[in-house]
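Report on the structure
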Amino acid sequence: MTAQRGRPRSFDRQAALEQAALTFWEHGYEATSISDLTAALGIGAPSLYAAFGDKRQLFQEAVASYQQTHGSFTAKALAEEPTARAAITRMLLEAAAEYTSPDHPRGCLVISAAQNCSAASADVEESLRAIRNANVAALESRIQSDIDAGILPSTADARTLALFTAATIQGMSHQSRDGATQADLTAIATAALKAWPT
């Protein structure tokens, strides 16, 4: 009896998005070529286009995947911690660990992957800016809730604290890509938290 051939292994879309995210994260959007992506995903260009459309569509899906995995610590901290200060403390300390992990490129994909893009990629740059601005808005809303509840003093400025936190996170991402250690970033986080009203 002739053995039946096994069915071809199904395409693991989530694993492919993870590999694409790592590639964009390492090299940036514009510097990542289709050949870089096909090598990372282990598929040919026709299969890549069939599965994801073009490079830009793949990038958008990879960013969404990143937000659900490596970049999810911000949303989780805001959702799970009892106060804005506790959430931001957790967020900064987890960023220090995540941004320096040896398991993937350093820093934050959403912060670093589309810097200094050409005019042809302005929409990609804008899409990441929109994500960062939405994160600032989420921080501001959470901080304002604590001000309204009397957890933070009424003199606190939710917008300024949110922007300060975002600037700290962005700076930590850049520092990690320049070689800062987890201990370095933890020290930055600790210093930043001293600026919070008590």
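Details of the structure are given in the entry above.
Residues numbered from 1 in each chain as written. Predicted model: local features only at pLDDT ≥ 70, side-chain atom pairs only at ≥ 80, totals over all residues. Heavy atoms only, no water.

Looking at the packing of helix α8 (residues 122–148) against helix α9 (residues 158–177)
Between α8 and α9, the shortest axis-to-axis distance is 8 Å and the interhelical angle comes to 135°. Taken together, α8 and α9 sit at an angle that is classed as oblique. Handedness of the α8/α9 crossing: right-handed. On the side of α8, the interface is formed by Arg132, Val136, Leu139, Glu140, Ile143, Gln144 and Ile147, while α9 contributes Ala158, Arg159, Leu161, Ala162, Leu163, Thr165, Ala166 and Gln170. (Axes fitted to C-alpha atoms, helices over the stretch in contact; angles between N-to-C directions. Helix = DSSP H or I, 4+ residues; strand = E, 2+ residues; numbered from the N terminus. Parallel < 35°, antiparallel > 145°, perpendicular 65-115°, else oblique. Left-handed = near helix turned anticlockwise from the far one by under 90°. Contact = heavy atoms within 4.5 Å.)

As for the packing of helix α1 (residues 13–27) against helix α4 (residues 55–68)
Two elements in contact, α1 and α4, have axes whose closest approach is 8 Å; the angle formed by their N-to-C orientations is 100°. Here α4 runs roughly perpendicular to α1, going by the angle between their axes. For the pair α1 and α4, the contacting residues are Arg13, Gln14, Leu17, Glu18, Ala20, Ala21, Phe24 and Trp25 in the first and Lys55, Leu58, Phe59, Glu61, Ala62, Ser65 and Tyr66 in the second. The residue inventory of the contact of α1 with α4, partitioned by class, reads nine nonpolar, two polar and four charged. (Nonpolar A, V, L, I, M, F, W, Y, C, P; charged D, E, K, R; others polar.)

A word on the layout of surface pockets
Quantified by volume, the largest pocket comes out at close to 390 Å³. Forming the boundary of the largest pocket are 22 residues, of which Gly71, Thr74, Cys108, Ile131 and Asn135 lie nearest the centre. Breaking the lining of the largest pocket down by element, the ones donating at least two residues are α4, α5 (73–80), α6 (84–99), α7 (109–112), α8 and α9. Per-element accounting of the lining of the largest pocket gives the leading share, six residues, to α8. Counted by class, the lining of the largest pocket contains 15 nonpolar, six polar and one charged residues. (1 Å grid on protein atoms, 1.4 Å probe; cavity = no way out; pocket = protein on both sides within 12 Å on 5 of 7 lines; lining within 4 Å. Points joined across faces, edges and corners; volume = space filled by probe spheres on them.)

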